[in-house]
Every structure is written in C-alpha cells, then in structure tokens.
Amino acid sequence: MKAVLDHVGIAVKDLSAALAFYRDALGLEIEAPEDVASQRVRAHFIPVGESSLELLEATAPDSPIAAFVGKRGPRLHHITLRVDDIIAALAQLKSRGARLIDEQPRAGAAGSLVAFIHPSAAHGVLVELKQHAVPSAKHRAPGIEPSAPSTEHSAVAIGQPAPVRRYSLGDLELISLCDGFFHLDGGAMFGVVPKPLWAPKAPPDDRNRITLAMRPLIVRGARTMIIDAGVGDKENAKFAEIYGLDRGRHLDHTLADAGIAPEDIEIVLASHLHFDHAGGFTMRGADGKVRPRFPRAQYVVRRGEWDDATHPNERNRASYFADNYVPLADAGVLQLVDEDQTIMPGVRVRRTGGHTMHHQMVIIESGGKAAAFVADLIPTAAHVPDPWIMGYDLYPLDTLAAKKTFVGEAIAREMLIFFEHDPAIAAGYISQEDGKRRLIPA
Ligand SMILES: [Zn+2]
Ligand SMILES: [Zn+2]
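Computed from a predicted model, the values in this text were never measured in an experiment.

What about the overall build of the protein?
Thinking step 1. Of the regular secondary structure elements, the protein holds 11 helices and 26 strands.
Thinking step 2. Computed over the C-alpha atoms, the radius of gyration of the protein is 22 Å, within 12% of the 22 Å expected from 2.2 N^0.38 for a compact globule of 442 residues.
Thinking step 3. Counting only C-alpha atoms, the protein reaches 65 × 55 × 40 Å along its principal axes.
Thinking step 4. The 442 residues of the protein split such that 54% are buried.
Thinking step 5. Long-range contacts, defined here as pairs at least 24 residues apart, represent 65% of the contacts in the protein between residues at least 6 apart.
Thinking step 6. Carbon and sulfur atoms make up 52% of the accessible area of the protein, which totals about 18,300 Å².
Thinking step 7. Taking the 48 positively charged and 56 negatively charged side chains of the protein as two groups, their mean positions are separated by 3 Å.

Structure follows, in structure tokens:
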C-alpha cells in the first residue's frame, strides 16, 4: 500500500496560545478556520509542504475534542494517511490482523472516504486513512476535516454539514438533502445491542446521546417529490435542547443548494409521521397559523399511520405532534393511501411495519436499477445487521422480518439504499461475500 501523510491533527485547549506558537513563534500561515457544527469543533489547517497540521478546537463544552482535551490534555490527536484505494488498504490491514475502528470506509469531506485504525494497532497513535474522491487530486480538497475523532480512542461518525448529494437512477434524479442533526439516547437507538458494541460505531456524548441526521430525499421524474421533510422549525428552545438540535444548515439551505424552491414540490410522501420526519411538512406563518410548508404539494400519508398519529397513546405520544400533519387535512392537501402502490412513475410505497404498525419504505426503480428509502427500518448504516433494531420500535420482530426480506433483496438487486438518519453516510450498497455483509458508501 502506498500512503502519503495528509495531515496531523492536534487537539488544542487554548487556541490563542496555540497560535502564539504555531503562527507567531514558528511563523506558519494558518488557513481560515472551518466549523464542524455537529461536533462543536473548529479546524484550523496549517499547510506545511505537501501536508498540513490541523489544530482542532472545541467550540462548546460538550464537544468530543473538549472531552479529549479534558481527559488527556492538549496533545497529538491523530495522523491522517492518504491512500489510493482505501478498501484495499483496509482489506490488507484486516488480513494482517490489525484492529480497525472502521471496517468499512465512511463518507468524509468533499466526497472523500475515511476510516480509522485503532491506536492499539498503530502503537498508540490514532490513524485515519483517507481516499480522495478523485484519486488523482494532488492536494487535500478544501473543506472541513470531517472526521475529527471524538473521545479517547474512538472515531466519531461525524455529521458534517451535509452537502447536497445527487444520484441518477435511470430516468430519475435523486437528491439527498439534510435538515440538520439531532441527538437521541444511544441505548434506545440500538435496542438490545450492548453499548460496548454500538459505542465504537456511534460514539455517545456525555449524556449518552448519539448524533443523527435528518435526510429527506428529492425524487425528480415525471413529477418532483420530496420524501419526508425533517423536523422543521416550529418547536421551541426546550425541545431543541432536549434533542440537541443542530439546524445550522437545514432543509431551506439544502433545497436552495439543489436549486429547488418549495413551490416546485408537487408531492410530499411520508414514511411515517414522527416529528423527525414530518415536522417539516408544515410551517408557522407570520400570523401564528400553521400551514403546509410546500404550497403546491399534495401530501401522501398511509391511512393506518394517519389513524395512529391522530390517536396517540402513552407509548408513542412523544413522537406525534398534531401541528405537523393535522393542518394538511384542514388545508385539503392530504391524500391517504391504504395499501402498497405506485405514487408516481418509478416510485412505490411498501409497508414495513415494525417501527410503527404502518411505517412504510419507498422503492424507486428506473432503467433496470433500483433504490430504496428505508426511513426508520434501517435508520443508519450501523443498523444494517439484523438484530440491530431500535428500542423505539413498537413491533421489533416485525422490523426484523421486514429487514431480513429487504436486505436480501437489496443485495440481490444491488440496490442503492438511503439512510435517513446516518450522520455521515447518506446512501450506500450492501454487499455480501462468504456470508459477511459489507456496506459500501455510495
Ligand atoms: Zn420514527
Ligand atoms: Zn426517525
């Protein structure tokens, strides 16, 4: 394997003191800082020849870098080696028995792929491997260092401010958007899976919460559709605090980045009506009245989900806020569907149950290719293994059955899978070799 030193990450406690050394005493030039809002980290790159130093500064007390510095003091944090073929590099390390934090690469900044090697394999140094999106690119692509690893020895799957990602599928264009990030209890997110197994894949903060994205999907074909719409902006500061909402960049921004106006949306399709999926269906106007967020759209909701959401019980009440969907019925833009069916050419809904009784996924097909928006059936790439099922699911054995059926189909058909809540991987493919599943970020 050929590797080039890309950069050296240094966790700092007092930035001005660090600058007094690196900038003033050493006389080095510092690039404009870049924020990784979801990790409360600011990265200051200092070019040194073909490589860089990266000063990592916490921007909030609950930043992983603050935890690292608090525990171990300001010090060397990681080194990053750039390789041409990260998958081959990981395979080679694995064949030699090297302990990895990431068995598969995940998405980094500017389309790069990154993976962390465990410090125990690298003689006490946290090593990040990185592959450029374009292997011939000579220098580090400008942009945020996406993978400032978190606590002691574990890398965090960082929710970098997600760029808009476009995919083509036959005649359809798929655009992955982002409504920002939120935080949920890590234990609840992984159900019966013990923390020592999930924590390396989704490092918790000091309140045991993990970072989740909200990634609605645009489908452009015969019509323009959005599937789910994130949490929206109707909730108050207390709600934002409880869920650690980070909407520094949200759906309005990413829609604009994609060149789409709210008026362009003709169909809004709901996987289900939990607030992190349906909050963005409506907005509060200047008059205080809540109305549909997409003024020209018809909103498609499964009837059983509608009935459950409008008659919540003690177990699911915290997830269903009437303001997110009742105004759609009042405005006459609600269409209830009773069964699996085609919503527009190439786009079908399929009930999965499990998470809620009438939770549905979306199968997208065109030109002999297939993709799936799986919503809370497989919320993140870490939830691909069969028993990794959320504690939130009302009917976990139904989730298990639906997931097994779907994953088999996804492998056989090489389906592109969209992970609505993954903080780093918007979409990927599942492959299986010798009975072992791998996730390949798209
Ligand atoms: Zn849900
Ligand atoms: Zn969800």
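A look at the packing of aromatic side chains
One pair of aromatic rings is described through two measures. These are the centre distance and the angle between the planes.
Thinking step 1. Evaluation of the coordinates by the stated rule reveals 12 aromatic pairs.
Thinking step 2. Ring centres 4.8 Å apart and planes at 50° place the aromatic pair Phe 239 and Tyr 243 in the tilted group.
Thinking step 3. Judged by relative accessible area, Tyr 243 falls into the buried class, the value being 18%.

Side note on the side chain of Ser 271
Thinking step 1. Examined against the element boundaries, Ser 271 turns out to sit in the loop between strand 15 (267-269) and helix 8 (275-278).
Thinking step 2. Here Asp 228 takes part through its side chain, which lies 2.7 Å from a polar atom of the side chain of Ser 271.
Thinking step 3. Non-local contacts of Ser 271, meaning those with residues more than four positions away in its chain, are made with Asp 228, His 277, His 358, His 359, Gln 360, Ala 375 and Glu 420.

Side note on the sheet that holds strand 9 (residues 165-169)
Thinking step 1. Strand order in the open sheet formed by seven strands is 9-10-13-14-15-18-19, and the pairing between neighbours is mixed. Across the chains shown, the open sheet's two edge strands, defined by having one partner strand only, are strand 9 and strand 19 (334-337). Averaged over all adjacent pairs, the angle separating strand axes in this sheet is 25°, with direction ignored.

Remarks on the coordination of the zinc ion (ligand 2)
Thinking step 1. Around the zinc ion (ligand 2), the donor atoms from the protein are Asp 276 (OD), His 277 (NE2), Asp 376 (OD), Asp 376 (OD) and His 421 (NE2), and they sit 2.1 to 2.7 Å away.
Thinking step 2. Each donor residue of the zinc ion (ligand 2) lies on one chain, and together they are spaced D-H-x98-D-x44-H.
Thinking step 3. Between the zinc ion (ligand 2) and the zinc ion (ligand 1), a spacing of 3.5 Å is present, and a bridge between the two is formed by Asp 376.

Notes on helix 11 (residues 396-413)
Thinking step 1. Taking 1.5 Å per residue as the helical rise, helix 11 with its 18 residues ought to reach 26 Å, and the 25 Å between its terminal C-alpha atoms agrees with that figure.
Thinking step 2. Here helix 11 has its buried residues at Thr 399, Ala 402, Lys 403, Phe 406, Val 407, Glu 409 and Ala 410. Buried residues of helix 11 fall within an arc of 165° about the axis and therefore sit on the same side. Away from its buried face, by an angle of more than 90 degrees, helix 11 presents the exposed residues Leu 397, Thr 405 and Ala 412.
Thinking step 3. In this structure, the buried residues of helix 11 make contact with strand 21 (347-351), strand 22 (360-366), strand 23 (369-373), strand 24 (416-418), strand 25 (427-433) and strand 26 (436-441).

Describing unusual backbone geometry
Thinking step 1. Located in the positive-phi region is Asn 208, a residue other than glycine, with phi close to 65°.
Thinking step 2. You can see Asn 208 is positioned in the loop between helix 5 (195-198) and strand 12 (209-213).
Thinking step 3. In this structure, Ala 375 takes a positive phi of about 50° despite not being glycine.
Thinking step 4. Relative to the helices and strands, Ala 375 resides in the loop between strand 23 and helix 11.
Thinking step 5. For Ala 375, a relative accessible area of 0% translates into the label buried.

Points about the coordination of the zinc ion (ligand 1)
Thinking step 1. Ligation of the zinc ion (ligand 1) by protein atoms is provided by His 272 (NE2), His 274 (ND1), His 355 (NE2) and Asp 376 (OD), these donors lying 2.1 to 2.2 Å from the ion.
Thinking step 2. The site at the zinc ion (ligand 1) holds four donor atoms, and with the angles between them running 85 to 178°, its shape is irregular.
Thinking step 3. A residue is classified by how much of its surface remains accessible, and His 274, at 9% relative accessible area, is buried.
Thinking step 4. For His 355, a relative accessible area of 4% translates into the label buried.

With respect to the sheet that holds strand 25
Thinking step 1. Spatially, 20-21-22-23-24-25-26 is the arrangement adopted by the seven strands of the open sheet, whose pairing is mixed. The open sheet terminates on both sides in strands that have one partner only, identified here as strand 20 (342-344) and strand 26. Mean inter-strand twist for the sheet, computed between neighbouring axes without regard to direction, equals 30°.
Thinking step 2. Both strand 25 and strand 26 contribute to a ladder of six bridges, which runs antiparallel. Paired with Ser 431 across the two strands is Arg 438, which belongs to strand 26.
Thinking step 3. Where helix 11 meets the sheet, its contacts fall on strand 21, strand 22, strand 23, strand 24, strand 25 and strand 26, and the angle it forms with strand 25 comes to roughly 90°.

Calculation notes
- Residues numbered from 1 in each chain as written.
- Chains lettered and ligands numbered in written order.
- Predicted model: local features only at pLDDT ≥ 70, side-chain atom pairs only at ≥ 80, totals over all residues.
- Heavy atoms only, no water.
- Helix = DSSP H or I, 4+ residues; strand = E, 2+ residues; numbered from the N terminus.
- Rg over C-alpha atoms; globule rule 2.2 N^0.38 Å.
- Buried < 20%, exposed > 50% of the residue type's maximum accessible area, 1.4 Å probe, protein only.
- Contact = heavy atoms within 4.5 Å.
- Areas by Shrake-Rupley, 256 points an atom, 1.4 Å probe, with all protein chains shown as cover.
- Lys, Arg positive; Asp, Glu negative; His and termini not counted.
- Charge placed at Lys NZ, Arg CZ, Asp CG, Glu CD.
- Phe/Tyr/Trp six-rings, centres within 6.5 Å; stacked < 30°, edge-to-face > 60°.
- Polar contact = N/O pair within 3.5 Å; in protein donor to acceptor, adjacent residues only side chain to side chain.
- Pairing = 2+ DSSP bridges.
- Axes fitted to C-alpha atoms, helices over the stretch in contact; angles between N-to-C directions.
- Donors = N, O, S within 2.8 Å, 3.2 Å for Na, K, Ca; no water.
- Expected span 1.5 Å × (residues − 1).
- Arc of directions from axis to C-beta.
- Tetrahedral: all angles 85-135°; square planar, octahedral: opposite > 155°, others 65-115°.

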